[in-house]
2 protein chains.
Amino acid sequence: MNYAETPAHGLVAALQSDTTTCTGIAEAMIARVAEREPTVRALSHFEPEAVLTAARVLDAGDTSLPLAGVPIGVKDVIMTKDLPTEYHSPRYAGFRPAMDAACIDTLRAAGALIAAKTVTTEFAAGNRGKPTSNPHSPEHTPGGSSSGSAAAVAAGMVPLALGTQTGGSVIRPASFCGIFGWKPSWSVISREGLKMYGASLDTLGLYARDLKDFDLLADVFDLEHTGPLFSNLTGLKVGICRTPVWNEAGPGTQTAMETTAAALRASGAEVVDLDLPPDFDDIHPVHRTILAREGRAAFLNEVRAYPATHPEFREIVENARGDSLEWVRHCYRTADRCRWLYDEIAQEYDFVIAPSSVDEAPKGLDHTGSSVFNCMWTLMHVPVVSVPGNSGPSGLPVGVSVICRKFDDRKAISAAALVSDALGAKGALAA
Amino acid sequence: MNYAETPAHGLVAALQSDTTTCTGIAEAMIARVAEREPTVRALSHFEPEAVLTAARVLDAGDTSLPLAGVPIGVKDVIMTKDLPTEYHSPRYAGFRPAMDAACIDTLRAAGALIAAKTVTTEFAAGNRGKPTSNPHSPEHTPGGSSSGSAAAVAAGMVPLALGTQTGGSVIRPASFCGIFGWKPSWSVISREGLKMYGASLDTLGLYARDLKDFDLLADVFDLEHTGPLFSNLTGLKVGICRTPVWNEAGPGTQTAMETTAAALRASGAEVVDLDLPPDFDDIHPVHRTILAREGRAAFLNEVRAYPATHPEFREIVENARGDSLEWVRHCYRTADRCRWLYDEIAQEYDFVIAPSSVDEAPKGLDHTGSSVFNCMWTLMHVPVVSVPGNSGPSGLPVGVSVICRKFDDRKAISAAALVSDALGAKGALAA
């Protein structure tokens, strides 16, 4: 078994056929981290001894559990009772919250090995994080704010990792790192114990190099679906949604959308343009306004209780944008109306394809890239799976987003598998 | 200074004029608790020595802070780093989370004395709690799930307390206990560190016996408003909204609505019926469905990680109601549409009056009463202030809800003051 190339379901199969042990998996993980972490810098906290101890406990427990022994990387805005939770914030240096986030609690009950904390920007907001590299090219960003989780999965340090998305913090890094990223429907996986930013937007997200691992996670998190999952593209109606910000798409994303549409058509799908009604024209500024309004409440305590909090949070709390209440209410009305409208529109398609990022990862580690193509779907509360298989001008990965109706997460995962097959590509390990 | 009769702003004034100290206030609180707690049973955790120690620390600090020395009761689903947080759940007996909820962090930064944890039903869901009594009548419920917070304020044990509302858990107890209750607009006060139930519904709530204390809290939580606050009823247009469940209103609530409308009219307001369009006909089952769907995600980890979790949570997680995804999506579409419609409707009125509860508090401590009149406003995300001053068939208190547009919390507080004046009543101490 090559640890770095083995997906979570492969590790579980190896464990359950007695080919390896949880301790064996942990040792392989430690070796892979030693090999890749000096270049990638994806982890904010990693203690090999503690991982081995935890693996021994799992070996002594129930190894028939669905995620038994699977190492999981956890974005450092998610509370973990046995690893620090620091939010990349000086106020929380060394902080241990004494409890797990709800998602961690559920993953542990499924046998997972909570293996490492991964790099995040401060409070999963803004662009200030540790200088994590894109595993495909050290001078390029892996995207953010879930930088470390996406990079750790792409580099084969862990088969699965958790991120969070409030704008585009899960899907954009998936696109840049050439892996699968899943932003579930809003509220179907508990966000308790994740640092808050946008109360109506914050969503737990997941990364993997193999879509079957998302099926496994969908079981663990008890997601449902109605009707059969997709198994064949023939006859499916696919909407191509360039979104109201298509003018921002770079050449890599333009090509990815055309290539994907052609591949789906060649595989028998009916591929049609999905043009949104004018109600959606301002959907991006609407998202930014709601995020800023909800951020005021989210960061108030940080600013009040810890005056050294970075000025960017004070600016959010003090409404430096100067949004009026009338404008904010207009934005909420627009979001409510578009969410309602979109669920009507979405019923006309089996699934929808949209850009996952502006282009391939930009050069430099100071800026994690634009979330402009992700925000609308976060605001719409729909499930999004980013599928790799395309590339940009420098040959770096570019993803496309597969989107289904709210709560049809399993359908989105099955549609992503068909898109991935049509593109003839898999989640690539960045060796 | 009579502690039990003094509102928070009065305690602060006494402190800042050197009439008392934080320690003096704490001693008065301890005496009042000793007097009333044996009957009322509002507190789930109270350590007099720890309160005195905390008060001495406050006396040595900045007593010019806006809430300096004010004892606050905290519903035991809200994380507190120096008091247990037990959620009335056996899994969390004695649990100390090592961090404060965001609201507690902000209140401490304002000088507040986090004085006691108050009785809640398990996870602020269902009806199983400790047998807290209504301070006005020991055989009647104080309402729930914020039972202890409302009862502690009504009994004069604390001038302020925190609750949470997902259905009607703040406003109903305020109505039953004859005090002011405030459910803010959704998302304007951070709910980080509160046990989750409904991600789109959970709202921090506040109790006081004096509306000026809500102004103080609105300052501390940095709430805003546009245009002047209300200072006179003359010429204001008030909508009377009996809601689609008016047939459930008992005689106390029917009389309270008529009395309030007449009092407002007599004070110069234009009082008109607000009849909701048919879109709202199913708004109560829509709320129940969304709550159940969001509860599935919220309680999954409890059920998975702690098999002894009460069966009622397993039933939620397993969708014992049998809601189909199509029905759930219909409910979200209805909620989105009604939220958008309501903000259009609300612009036609200065404020709206609606029932706060079905009637006065029912007899018995096993059931905390119906939230049927509160759910719609929770779902609409609008600010609600419950105003006492009416009474039911047994002479127990009955509140009415004063409602403004989303984000106009300060306007709702100022409107509540006018309603309270028109009714010629104040938040009554239950001696």
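Note that this is a predicted model, so its numbers are computed, not measured. (Residues numbered from 1 in each chain as written. Chains lettered and ligands numbered in written order. Predicted model: local features only at pLDDT ≥ 70, side-chain atom pairs only at ≥ 80, totals over all residues. Heavy atoms only, no water.)

### Overview of the sheet that holds strand 5 (residues 180–183) of chain B
Residue and element names in this part refer to chain B. As a reminder of what qualifies: Paired strands, as defined in this entry, are two strands with at least two bridges between them according to DSSP. A run of DSSP states H or I qualifies as a helix once it reaches four residues; a run of E qualifies as a strand once it reaches two. Both are numbered from the N-terminal end. Each axis is a line fitted through C-alpha atoms, taken for helices only over the stretch in contact, and angles between the N-to-C directions span 0 to 180 degrees. Residue contacts are defined here by distance: any two heavy atoms, one from each residue, within 4.5 Å place the two residues in contact.
One open sheet accounts for 11 strands, arranged 1-3-2-4-6-5-10-11-9-7-8; its pairing is mixed. The strands lining the two open edges of the sheet, one partner per strand, are strand 1 (43–45) and strand 8 (270–273). Here the strands of the sheet are splayed against their neighbours by 30° on average, with no regard to which way each runs. With respect to the sheet, helix 7 (residues 211–220) is in contact with strand 4 (160–165), strand 5, strand 6 (203–208) and strand 10 (384–391), its orientation differing from that of strand 5 by roughly 30°.

### Some details on the environment of Gly144(B)
Residues and elements named next belong to chain B. Positionally, Gly144 belongs in the loop between strand 3 (113–118) and helix 5 (147–154). Separated by 21 residues in the primary sequence, Gly144 and Gln165 place their C-alpha atoms 9.4 Å from one another. Not counting residues within four places of it along the chain, the set of residues in contact with Gly144 comprises Gly168, Ser169, Arg172, Pro173 and Thr368.

### Examining the pattern of salt bridges
All names here are of chain B. What counts, and what does not: Criterion for a salt bridge: a side-chain nitrogen of Lys or Arg within 4 Å of a carboxyl oxygen of Asp or Glu. Note on exposure labels: buried denotes an accessible area under 20% of the residue type's maximum, exposed denotes more than 50%, and partly exposed covers the range between, all computed with a 1.4 Å probe on protein chains only.
In the structure shown here, the tally under the stated rule is 60 salt bridges over all chains. Taking the shortest distance from any N to any O, the salt bridge between Glu122 and Arg128 comes out at 3.0 Å. A relative accessible area of 29% places Arg128 in the partly exposed class. In this structure, Asp219 engages Arg410 in a salt bridge whose closest nitrogen and oxygen atoms are separated by 2.8 Å. Placement of Asp219 in helix 7 and of Arg410 in helix 13 (residues 409–423) is noted, with a sequence separation of 191 residues between them.

### Considering the relation of the copies chain B and chain A
The condition that has to hold: Alignment of the copies relies on least squares applied to C-alpha atoms, considering only residues that score at least 70 for pLDDT in both.
Between chain B and chain A, which share one sequence, the superposing operator has a rotation angle of 180° and an axial displacement of 0.0 Å; the RMSD is 0.0 Å. The relationship between the two copies is best expressed as a two-fold rotation axis. Across chain B, the smallest distance between a C-alpha and the rotation axis is recorded for Asp336(B), namely 2.4 Å. Interface residue correspondence from chain B to chain A reaches 100%, placing this contact among same-surface, isologous pairings.

### Things to note about the interface of chain B and chain A
How we decide: Here the quantity called buried area is the total loss of accessible area, with a 1.4 Å probe, experienced by two parts when brought into contact, counted for both. A 3.5 Å cut-off defines polar contacts: any pair of N or O atoms within that distance qualifies, except that in protein one atom must be a possible hydrogen donor and the other a possible acceptor, and neighbouring residues in sequence count only when both atoms are side-chain atoms. Three categories are distinguished: nonpolar for Ala, Val, Leu, Ile, Met, Phe, Trp, Tyr, Cys and Pro, charged for Asp, Glu, Lys and Arg, and polar for the others, with Gly belonging to the last.
Counting residues at the interface gives 58 residues for chain B, matched by 58 residues for chain A. Around 5,100 Å² of area is buried between chain B and chain A when both sides are counted, 54% of it from carbon and sulfur atoms. Our count for the contact surface shared by chain B and chain A stands at 18 salt bridges. The shortest N-O distance in the salt bridge between Arg293(A) and Glu224(B) comes to 2.7 Å. At the surface where chain B touches chain A, the tally comes to 23 residue pairs in polar contact (both at pLDDT 80 or more). Broken down by secondary-structure element, the contributors of at least two residues to the side of chain B that touches chain A are helix 4 (102–109), helix 7, helix 9 (283–305) and helix 11 (325–346) of chain B. Here the element with the most residues in the side of chain B that touches chain A is helix 11 of chain B; it accounts for 12 residues. Its residues assigned to classes, the side of chain B that touches chain A comprises 26 nonpolar, eight polar and 24 charged.

### Considerations on the UniProt feature "domain: Amidase" (unreviewed entry) in chain A
Definition in use: UniProt positions are given in the numbering used here, feature names are shortened, and annotations may be inferred rather than shown by experiment.
Feature annotation in UniProt places "domain: Amidase" (unreviewed entry) on residues 26–410 of chain A, given in this structure's numbering. As annotated, residues 26–410 of chain A comprises 35% helix and 15% strand, and the C-alpha atoms at either end are separated by 29 Å.

### Looking at the nonpolar core
What counts here: What is meant by a nonpolar core is a set of buried Ala, Val, Leu, Ile, Met, Phe, Trp, Tyr and Cys residues, joined one to another through side-chain atoms within 4.5 Å.
Phe351(A) and Phe351(B) are the most contacted members of the largest nonpolar core, which has 291 residues in total. With residues up to four places along the chain from it excluded, the contact list for Phe351(A) reads Phe230(A), Leu233(A), Leu236(A), Lys237(A), Val238(A), Gly239(A), Leu264(A), Val402(A), Ile403(A), Cys404(A), Ala415(A) and Val419(A).

### Some words on empty space enclosed by the protein
A probe matching the size of a water molecule, rolled over the atoms, marks out where space remains unfilled. Which entries qualify depends on this criterion: Here a cavity denotes a set of grid points, spaced 1 Å apart and computed over the protein atoms alone, in which a 1.4 Å probe fits but from which it cannot get out, and a pocket denotes an open set meeting protein on both sides within 12 Å along at least five of seven lines; residues with an atom within 4 Å of a point are reported as lining. Grid points are joined across faces, edges and corners, and a volume is the space filled by probe spheres set on the points.
The final tally for this structure, using the stated rule, is 19 cavities of 30 Å³ or more. Around the largest cavity, the lining is made up of 18 residues, and of these Arg339(A), His381(A), Asp336(B), Arg339(B) and His381(B) lie nearest the centre. Residue assignment for the lining of the largest cavity shows that the elements contributing at least two residues are helix 11 (325–346) of chain A together with helix 11 of chain B. Sort the elements by how many residues they give to the lining of the largest cavity and helix 11 of chain A lands first, with four residues. Residue composition of the lining of the largest cavity, by class: eight nonpolar, four polar and six charged. Quantified by volume, the second largest cavity comes out at close to 110 Å³. At the level of secondary structure, the elements contributing two or more residues to the lining of the second largest cavity comprise helix 9 (283–305) of chain A together with strand 6 of chain B.

### Concerning the side chain of Lys183(A)
Residues and elements named next belong to chain A. Put simply, the rule is: For the purpose of counting charges, residues Lys and Arg are taken to be positive, whereas Asp and Glu are taken to be negative. His and the chain ends are not included.
Here Lys183 is to be found in strand 5 (residues 180–183). For the buried Lys183, which has no salt bridge, the nearest side chain bearing the opposite charge is Asp409, at an N-O separation of 7.0 Å. Of the polar contacts made by the side chain of Lys183, one reaches the backbone oxygen of Val382; its length is 2.9 Å. The residues contacting Lys183, other than those within four sequence positions of it, are Gln165, Val170, Ile171, Thr203, Trp377, Thr378, His381, Val382, Pro383, Val384 and Asp409.

### Details of the pairing of strand 10 of chain B
Residue and element names in this part refer to chain B. For strand 10, the tally of buried residues reaches six of eight residues, placing the bulk of the element in the interior. Pairing analysis gives three bridges linking strand 5 to strand 10, with the strands arranged antiparallel. Considered in strand 10, the bridge of Gly181 is made with Ser386. Note: strand 10 against strand 11 (residues 397–403), six bridges, orientation antiparallel. Its bridge partner being in strand 11, Val385 is matched across the sheet by Val402. As consecutive antiparallel partners, strand 10 and strand 11 are separated by five residues, and within that stretch Gly395 has a phi angle of approximately 85°, a positive value.

### A look at the pairing of strand 11 of chain B
Residues and elements named next belong to chain B. Of all seven residues that make up strand 11, seven are buried, and the element is covered over most of its length. Here strand 11 shows no split at all, with Pro397, Gly399, Ser401 and Ile403 on one side and Val398, Val400 and Val402 on the other all buried. Note: strand 9 (residues 351–355) against strand 11, four bridges, orientation antiparallel. Residue Ala354 lies in a different strand from strand 11, and its bridge partner there is Ser401.

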